Amino acid sequence: MLTPPPAMVRKDTSDGVKAVLGPTNTGKTHLAIERLCAHSSGMIGFPLRLLAREVYDRVCKIKGESNVALITGEERIEPKNARYLLCTVEAMPVTDRQTAFVAIDEAQLGADRERGHVFTDRLLHARGREETMILGSSALEPMVKALIPGVEVITRPRFSTLSHVAPKKLSRVPPRSAIVAFSVEQVYALAEMLRRFRGGAAVVMGALSPQTRNAQVELYQSGEVDYLVATDAVGMGLNLDVQHVAFAGLAKYDGQRHRRLTSAEMAQIAGRAGRHQTDGTFGTLAGMHRGGRGGEEIEFEPEEVYAIEEHRFPPQTKLFWRDPEPRFDSLDTLIADLETPPDRPELRLAPEAIDLAVLKRLAEDPEIVDSVRGRARVERFWDVCRLPDFRQQGTETHSRFVARLWQDLRHGELGADFVAQQIAHLDRTGGEIDTLQGRIAAIRSWAYIAQRPDWVLARDEMAARARAVEARLSDALHGKLTERFINRRTALLMKKLGPDTGLLSVRLEDEEVLVEGEHIGSLRGFAFQIDPQTRLTDRKLLLSAAEKHLPGLLEARAAELTKAIHEGTATLELTGTAITWDGEPLGALGAGRSLLAPVFVPDRLLDAIPAPARKDLVAALEVWLEKQLEPLAPLGKLEEASRSEEAGPDLRALLILLIERGGILAREQSGLEKLDKERRTMLARLGVRVGALDLFVPAMLRPRPINLWRELARLAGKAPRGGTPDETMPPALAAGKRDRLPGYRSLGKQLIRIDMAEKLLREAHTQREEAAKAPTPPAATTEAPSETAARPAQDQPDTADVQTSADTAAPAGDTAAEAAEAPAEAITEAPAKDVPQATEAKGGKGKGKAKGKDRGRDKGRGRGPRPSFPLDPARAISMGLTPESYERLLRLGGFQPVEPRGKPARDDKAPEAPIEGETAAAETATAKTDAAQGPAPTQRWTWRPPRRQAPQQAPSRRPTRPREGNAFAALADMVR
């Protein structure tokens, strides 16, 4: 590290001094870096810390980090043997003559009210052993020649042309533009509008930390955004690829008054447009007015346009100066020296800067004055007063901070714990933009304090902590600025939308649509959904991008789905009448030519798929739909048979009725008695089971087929009866409110599945037949012995009424194929002679018609009473039926309960109970028994076929012929 000599000497020799002057974009800074690297050692002073850091990085790549130092008020990187120093102007060691080369950048800032005296001092006294270079505007030439006799002036022309253009609206500002405003509020407003119009903008302000400013500039330089909104801080030290500079104002507040920019200041900002050999333009924003809406629209004066385009500005006639080596005998002496005017006409006493204002303000405090005694104390106090006002809060606030700092520093160094606590207090990355800016300004103050060699214990550690906190806060501020003022997605699309939109990279990741890596929406099924977080102003833009790329994505997705359908791996579902894919609609069922032949109606979303892929997908979905409707294939067989001429009208009517009832039909409503033996054989081959109570297709007693049929029935405009079936369809269910369920028969408080009902009835008939074959004991009848006689064989009850197949009725688990194997013999009807109706008595005294009750009929035929038999309810109970429900089922099947014997015989003349619904009087007589006779006897039953009214042949009677002349007479003849 370079060390200053013992003697503090300032010299203003002009040996080897060159002044390289010219407008912006003339390569002055690049020349200075080349000359620096050409010497054995050197130093350059820059107006901004970020510019010093930028050049430091460039020189490190050339000379190596061990040979290059960075010296600023807030950051010092000083390797031990560093030979090249990159500094801010304030931090330049001007008394050090050990460097071979010295350069001062932007020397025209000697005319700045706040910092001008520092630049003037470096202009006068900073010298290199071999070469000194002063860089600045051409307006500085008279002052350089006057202050440095014998200086060599080199004028460099601008590499590109700068031209004025007419005002443009913000929405019409071309890409790669910088919009310059002169207040934070205006910067934010412009950035917000650009976010809506163009996807956002990078933001550069003097209040930002160098790291944040660099990060924002990088967003612009990398092309992530095409717009930069900045204050006049953009006019110095930032090398940007700007093609157009738009002024949102032409006036600013300079700390004392609100004034119009000078032509040189305008040129400094406008000069950012056009880098190297690329031409640039400048102008104003249309719609911007002086003093608000009521004022005139801002515009450049013709003289200003000429000066900027031709780089002709009034020469600088004065530079600000302040005594760089004041005396520290006392505070009064120090203030007097700092206010002493220069003795050269080219120089002017600098206005009161913030450091002098703080010094004078604190010099009025008696307590502070008492603590500042002696030369060393005065010099140390002056160093404290020179602490930069990073917070920009004004003299009064900054003075209080300096006073508190002095209370600690006057006794020595600040403790490490205290400084660490202050730094940690600021280490919070939450909050809004203004809050983060305030914390960054505060941490910059502590970073400056920590850099001073005799102010802080553990200086290096505290300086590192302060820099780390500043870095974190800067990152957080950059993130907030980016989040608020940049819509990366919209910026990307705006940059590339247009004739070359098709060149954008579009891909699909987990149903998320990415354009150039930016998420713009999602593709659910075949429906494109814009990101819900998208602003309303971005929706049209995103839809435009999607319309040009979605067909390709949809075509690929349709091909994948078609392949998956054919392979059987597609996750499709038929819910109601809707066909969905992973919950997204593909289409729905529509009414077809018949109830069992619906059509597939594609969803409108599929219209966006290119025609060939859509056609293949629809065909695959139709094939898939056919497989889903396969559970209804048994009904399909019935439908096909119903169109056959061989079936005949009666069978066709029965089949159509079965289809409309979902394959389940009550026997009494079926018209089965109208079918001849051949038609009944056809019915059996179609898989229809004929039971004692119902006709049914066993395959339809499952939840899936029932639900499918119900949906198709609704689709065909037929309201299905009953509710939705239970998923498990158990043999028995409690009725409750569900008095009707598909596939079940009501037994009052319970429901029984139809096939289970037939199974129980078949079992009851089997037990009846077995009882009939066994010897009948005397107690097996309910009549007196004199009335009991053997019944003729031809009068034994026929079991054909309850036989439904060669075996018992199959449960719901039987397949349609098993149901189709039922033999024709299963579907037989009881002989007509057993149907309870008027018949001629055999063996009686005459041929009169039997009337009244069973007993009268049996007595007239000379028959004995019907035998009774017990029935085992175990299977019914195992199915979940109650005894009452089982009894009700038996009654429906023609079984009658018999009360025990012992009751006095009833009088023959007494009215007899009907055959159905009540027990015959002769069968119900019971005797009162004593409890000692043991448990009640087992319930016994009798059976008689239910009354089924077979078609009776009506007496042959000629129909009455209509009167002649009646219109119906001719119609009657035609019918006959």
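Scroll up to find the structure this text is about.
All values derive from a computational prediction rather than experimental measurement.

1. Observations regarding the pairing of strand S34 (residues 895-898)
Then, in step 1: Side chains Phe 895 and Pro 897 of S34 all project onto a buried face; the interleaved residues Gln 896 and Val 898 project onto the opposite face, where all are buried too.
Then, in step 2: The pairing of S34 with strand S35 (residues 940-943) spans 4 bridges and is classified as antiparallel. The residue bridging Gln 896 from the neighbouring strand is Thr 942, located in S35.

2. What about the side chain of Ser 177?
Then, in step 1: For Ser 177, the position within the fold is in strand S10 (residues 177-180).
Then, in step 2: Those residues in contact with Ser 177, other than ones at most four positions away along the chain, are Tyr 220, Asp 226, Tyr 227, Leu 228, Val 242 and His 244.

3. Focus: the packing of helix H14 (residues 416-426) against helix H16 (residues 459-485)
Then, in step 1: Where H14 meets H16, the axes come as close as 10 Å, and the angle between the chain directions of the two elements is 5°. In terms of orientation, H14 and H16 fall into the roughly parallel class. Each of Ala 416, Val 419, Ala 420, Ile 423 and Leu 426 in H14 lies in contact with H16, whose residues at this interface are Met 462, Arg 465, Ala 466, Val 469 and Leu 473.
Then, in step 2: When grouped by side-chain class, the residues that make up the contact of H14 with H16 number 9 nonpolar, no polar and 1 charged.

4. Observations regarding the sheet that holds strand S27 (residues 664-666)
Then, in step 1: The sheet built from 3 strands is open, its strands ordered S27-S29-S28 with antiparallel pairing. Both outer strands of the open sheet, S27 and strand S28 (689-690), are each paired with one neighbouring strand and no more.
Then, in step 2: In the sheet, S28 pairs with strand S29 (residues 694-696) via 2 bridges, with the strands oriented antiparallel. Considered in S29, the bridge of Val 690 is made with Leu 695.

5. Focus on the packing of aromatic side chains
Then, in step 1: Enumeration according to the criterion identifies 9 aromatic pairs in this entry.
Then, in step 2: For the pair Phe 526 and Trp 581, a centre-to-centre distance of 5.8 Å together with 40° between the ring planes defines the contact as tilted. Linking Phe 526 in the loop between strand S21 (518-524) and strand S22 (527-530) with Trp 581 in strand S24 (residues 578-581), this pair joins segments that are 55 residues apart in sequence. Across the pair, Trp 581 and Phe 526 agree in class, each one buried.
Then, in step 3: Put simply, the rings of Phe 247, Phe 282 and Phe 300 touch in pairs and so form one group of aromatic residues.
Then, in step 4: A cation sits over an aromatic face here: Arg 176 above Tyr 220, 3.9 Å from the ring centre.

6. Quick word on the nonpolar core
Then, in step 1: Ile 179, Leu 285, Leu 359, Phe 381, Trp 446 and Ile 449 are the most contacted members of the largest nonpolar core, which has 71 residues in total.
Then, in step 2: Among the elements that make up this core, the one with the highest residue count is helix H15 (residues 433-451) (11 residues).
Then, in step 3: Once you skip the residues sitting within four places of it in the chain, Leu 359 turns out to touch Leu 331, Leu 334, Ile 335, Leu 338, Phe 381, Trp 382 and Cys 385.
Then, in step 4: If you look at the next biggest cluster of nonpolar residues, it comprises 56 residues, including Leu 638, Ala 641, Leu 708 and Ala 713.

7. Structural notes on a negative patch on the surface
Then, in step 1: Residues Glu 185, Glu 432, Asp 434 and Glu 483 make up a contiguous surface patch of negative charge.
Then, in step 2: One can find Glu 185 in helix H5 (residues 184-198).
Then, in step 3: Given the relative accessible area of 61%, Glu 185 is considered exposed.

8. Describing the pattern of salt bridges
Then, in step 1: Scanning the model with the defined rule gives 40 salt bridges in all.
Then, in step 2: Linking Asp 454 and Arg 380 is a salt bridge whose minimum nitrogen-to-oxygen distance equals 3.1 Å. On the criterion of sequence distance, the pair formed by Asp 454 in the loop between H15 and H16 and Arg 380 in helix H12 (residues 375-385) is long-range, its members being 74 residues apart.
Then, in step 3: Among the residues examined, Arg 380 registers a relative accessible area of 17% and is labelled buried.
Then, in step 4: Here Arg 714 and Glu 711 are joined by a salt bridge, their closest N and O atoms 3.3 Å apart. Placement of the pair is Arg 714 and Glu 711 together in helix H23 (residues 703-715), with a separation of 3 residues, close to one helical turn.
Then, in step 5: For Glu 711, a relative accessible area of 24% puts it in the partly exposed group.
Then, in step 6: The structure contains a network of salt bridges with shared partners spanning Arg 49, Arg 53, Asp 57, Glu 74, Glu 75, Arg 444 and Glu 470.

9. Concerning the environment of Leu 523
Then, in step 1: Note that Leu 523 resides in strand S21.
Then, in step 2: Take Leu 523: its relative accessible area is 0%, and that puts it in the buried class.
Then, in step 3: Linking Leu 523 and Glu 512, residues 11 residues apart in sequence, is a C-alpha distance of 6.2 Å.
Then, in step 4: When residues no more than four places from it in sequence are discounted, the contact partners of Leu 523 are Leu 508, Glu 511, Val 513, Phe 528, Leu 550, Leu 554 and Arg 557.

10. Comments concerning unusual backbone geometry
Then, in step 1: With a phi angle near 60°, Asn 25 is a residue other than glycine that sits in the positive phi range.
Then, in step 2: Looking at the secondary structure, you find Asn 25 in the loop between strand S1 (17-21) and helix H1 (28-38).
Then, in step 3: We classify Asn 25 as buried; its relative accessible area is 7%.
Then, in step 4: Positive phi is not limited to glycine here, since Asp 582 has a value of about 55°.
Then, in step 5: Accessibility expressed as a relative area gives 52% for Asp 582, which makes it exposed.

11. Re helix H13 (residues 395-409)
Then, in step 1: Its 15 residues place the ends of H13 20 Å apart at the C-alpha level, agreeing with the 21 Å of an ideal helix rising 1.5 Å per residue.
Then, in step 2: Of all the residues in H13, the buried ones are His 398, Ser 399, Phe 401, Val 402, Ala 403, Leu 405, Trp 406 and Leu 409.
Then, in step 3: Where H13 is buried, its residues touch helix H10 (354-362), helix H11 (366-371), H12 and H15.

Conventions and cut-offs
- Residues numbered from 1 in each chain as written.
- Predicted model: local features only at pLDDT ≥ 70, side-chain atom pairs only at ≥ 80, totals over all residues.
- Heavy atoms only, no water.
- Buried < 20%, exposed > 50% of the residue type's maximum accessible area, 1.4 Å probe, protein only.
- Helix = DSSP H or I, 4+ residues; strand = E, 2+ residues; numbered from the N terminus.
- Pairing = 2+ DSSP bridges.
- Contact = heavy atoms within 4.5 Å.
- Axes fitted to C-alpha atoms, helices over the stretch in contact; angles between N-to-C directions.
- Parallel < 35°, antiparallel > 145°, perpendicular 65-115°, else oblique.
- Nonpolar A, V, L, I, M, F, W, Y, C, P; charged D, E, K, R; others polar.
- Phe/Tyr/Trp six-rings, centres within 6.5 Å; stacked < 30°, edge-to-face > 60°.
- Lys NZ or Arg CZ within 6 Å of the ring centre and 35° of its normal.
- Core = buried A, V, L, I, M, F, W, Y, C linked by side-chain atoms within 4.5 Å.
- Patch = residues over 30% accessible without salt bridge, like charges linked within 9 Å, V, L, I, M, F, W, Y side chains within 5 Å.
- Areas by Shrake-Rupley, 256 points an atom, 1.4 Å probe, with all protein chains shown as cover.
- Salt bridge = Lys/Arg side-chain N within 4 Å of Asp/Glu carboxyl O.
- Lys, Arg positive; Asp, Glu negative; His and termini not counted.
- Charge placed at Lys NZ, Arg CZ, Asp CG, Glu CD.
- Expected span 1.5 Å × (residues − 1).

Read these as geometric descriptors, not functional statements.
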